Amino acid sequence: MIIGVPKEIKNNENRVAVTPAGAAAFVKNGHQVYIQKSAGLGSGFADEDYTKVGAQLLDTIEGVYAIAEMICKVKEPIAQEYPLVKENQLIFTYFHFASSEALTKAMIASKAICLAYETVEKKDRSLPLLIPMSEVAGRMAIQEGAKYLGKPTGGRGVLLGGVAGVKPANVLIIGGGIVGTQAAKMAAGLGANVTIMDVDLQRLRHLEDIMPANVDTVISNEYNLEEAVKTADLIVGAVLIPGAKAPHLVTRSMLKLMKPGTVLVDVAVDQGGCIETCTPTTHENPIFMIDGIVHYCVANMPGAVPYTSTLALTNATLPYALQLANKGWIKAVKENEELRKGLNIVNGDVVYKGVADAFNLPLQPIIRLEEEIPA
């Protein structure tokens, strides 16, 4: 198979979808790998690191899309890439379709095969290609939140861990999954008073057992949430519904209950956000203010730490990418239910319920999986 790796062009996105080690693995398995020049520089990989293992360089993003049968990316194609995507081309990346109708319609029109990292799912319902970036984003949420609590950026002027004789900050984390757990670990380690809210009592029992004494667990409902936001200095939105739009749990009316300078970090913003007033921002312009409340809503948080993020992501994605390349996508998803759940759009048909529901589109069967596979 011909594998193409374009340079990411989303604002301040420095990750790359295939490392030199990954390129070497593809080549060893008999595939051709084409890397856009300088695609790996942001993550610390020089062009010659790729050519030494047998990959070939292309000057332009157009050249990569034109030649590749499978495109490996980190983030979803942006508008200028839409025309480059070809019919029957396999695109393996984070898509987060439910947060963008324009992207969804563009990929439907392209008639490509869109296999989304974020909906590849194991039997235990874990999301193996989302977990690494959720771990990074959860930890970063506290780093960024602590920074923007500073007065120069509009925050309350509170030090997260406090000092002797001064209470630490109150951190509220909404959602007890991977993001929430990692955020709680970071905040607790810095000495903050942490509250995690979730609707799953069993999950809260688990968190109660593993977290330090400065972390409390509270069942999530509207009443408890309204009470909690009143005393929080930093609020992290960490709610995920796989492949679907996140629910707005923190409403605009709740901003009036918060202390001026409270910081909101919505890690779910790439799935529509769980904070009603959050809209996607970039690392270049990461925050905005509404009603005296600081909003940090960067949609590709791990892109700020690309070396760590690229290695963490590709450790998880490469085994799946090799299956797709070695077997072809039809055979690979027939034999691997985890990969099959990653299919979102196939040749113009929406085949993932969360995406269909987000935009009231018809949910179609994956007709091509019934095709005969040559021996």
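The name that an unreviewed UniProt entry assigns to the protein chain is Alanine dehydrogenase, with the source organism given as Pedobacter puniceum. Per UniProt, the protein chain carries the Sequence similarities (unreviewed entry) text "Belongs to the AlaDH/PNT family." Turning to the protein chain, the UniProt record has this under Catalytic activity (unreviewed entry): "L-alanine + NAD(+) + H2O = pyruvate + NH4(+) + NADH + H(+)".

This part takes up the layout of surface pockets. In this structure, the largest pocket occupies an estimated 1,100 Å³ of space. What lines the largest pocket is a set of 41 residues, and nearest its centre among them are G177, I178, A238, V239 and L240. Its residues assigned to classes, the lining of the largest pocket shows 23 nonpolar, 9 polar and 9 charged. Counting residues domain by domain, the lining of the largest pocket receives three or more from each of domain 1 (2-126 + 306-370) and domain 2 (131-296). One number sums up the size of the second largest pocket: a volume of about 300 Å³.

Time to look at the domain arrangement of the protein chain. When its domains are assigned, the protein chain resolves into domain 1 (2-126 + 306-370) and domain 2 (131-296). If you average the C-alpha positions of domain 1 and of domain 2, the two centres end up 30 Å apart. Between domain 1 and domain 2, the residue contacts involve 17 residues of the former and 14 residues of the latter. Of all residues in domain 1, N11, H96 and A98 bury the most surface against domain 2, accounting for 31% of the area lost on that side. Our enumeration of links across domain 1 and domain 2 arrives at 0 salt bridges. Linking domain 1 to domain 2 there are 0 residue pairs in polar contact (both at pLDDT 80 or more). Elements that contribute at least two residues to the side of domain 1 that touches domain 2 include exactly α9 (306-327) and α12 (353-358). In terms of residue count, α9 provides more of the side of domain 1 that touches domain 2 than any other element does, 4 residues in total. Here the residues of the side of domain 1 that touches domain 2 are counted per class, giving 7 nonpolar, 8 polar and 2 charged.

Taken as a whole and assessed by the stated rule, the structure comprises 4 aromatic pairs. Here the aromatic rings of Y94 and Y117 are separated by 4.8 Å at their centres, their planes lie at 85°, and the arrangement is edge-to-face. Here Y117 lies in the loop between β6 (113-116) and α5 (131-148) and Y94 lies in the loop between β5 (90-93) and α4 (101-110), a separation of 23 residues in the sequence. Like Y117, Y94 is buried. The interplanar angle of 35° and the centroid separation of 5.7 Å between the aromatic rings of Y148 and Y296 together place this pair among those described as tilted. Residue Y148 is located in helix α5, and its partner Y296 is located in strand β13 (residues 293-296); the two are separated by 148 residues in the primary sequence. In this pair, the class of Y148 matches that of Y296, namely buried. Members of the aromatic cluster, joined through ring pairs, are F92, Y94 and Y117.

With that out of the way, let us pick up a nonpolar patch on the surface. A contiguous nonpolar surface patch, about 290 Å² in accessible area, is contributed by L159, V163 and V166. Relative to the elements of secondary structure, L159 occurs in the loop between α5 and β7 (170-174). According to the relative accessible area criterion, L159 is exposed, its value standing at 55%.

On to the side chain of S309. Topologically, S309 is positioned in helix α9. Sequence-distant contacts of S309, defined by excluding residues within four places in its chain, comprise R15, M133, V136 and P302.

All right, on to α9 then. In a regular helix each residue adds 1.5 Å, so 22 residues correspond to 32 Å; α9 covers 30 Å between its end C-alpha atoms and thus fits that length. The sharpest bend along α9 reaches about 40° and sits at T317, with the proline P319 one to four residues further on. Those residues of α9 that fall on the buried side of the exposure criterion are P306, S309, T310, L313, T314, A316, T317, Y320, A321, L322, L324 and A325. The first or second residue beyond α9 is G328, which carries a positive phi of 80°.

Calculation criteria
Residues numbered from 1 in each chain as written. Predicted model: local features only at pLDDT ≥ 70, side-chain atom pairs only at ≥ 80, totals over all residues. Heavy atoms only, no water. UniProt positions renumbered as here; feature names shortened; annotations may be inferred. 1 Å grid on protein atoms, 1.4 Å probe; cavity = no way out; pocket = protein on both sides within 12 Å on 5 of 7 lines; lining within 4 Å. Points joined across faces, edges and corners; volume = space filled by probe spheres on them. Nonpolar A, V, L, I, M, F, W, Y, C, P; charged D, E, K, R; others polar. Domains from an automatic or database assignment. Contact = heavy atoms within 4.5 Å. Buried area = accessible area lost by both parts, 1.4 Å probe. Salt bridge = Lys/Arg side-chain N within 4 Å of Asp/Glu carboxyl O. Polar contact = N/O pair within 3.5 Å; in protein donor to acceptor, adjacent residues only side chain to side chain. Helix = DSSP H or I, 4+ residues; strand = E, 2+ residues; numbered from the N terminus. Phe/Tyr/Trp six-rings, centres within 6.5 Å; stacked < 30°, edge-to-face > 60°. Buried < 20%, exposed > 50% of the residue type's maximum accessible area, 1.4 Å probe, protein only. Patch = residues over 30% accessible without salt bridge, like charges linked within 9 Å, V, L, I, M, F, W, Y side chains within 5 Å. Areas by Shrake-Rupley, 256 points an atom, 1.4 Å probe, with all protein chains shown as cover. Expected span 1.5 Å × (residues − 1). Bend = angle between axes of the 7 residues up to and from the residue.

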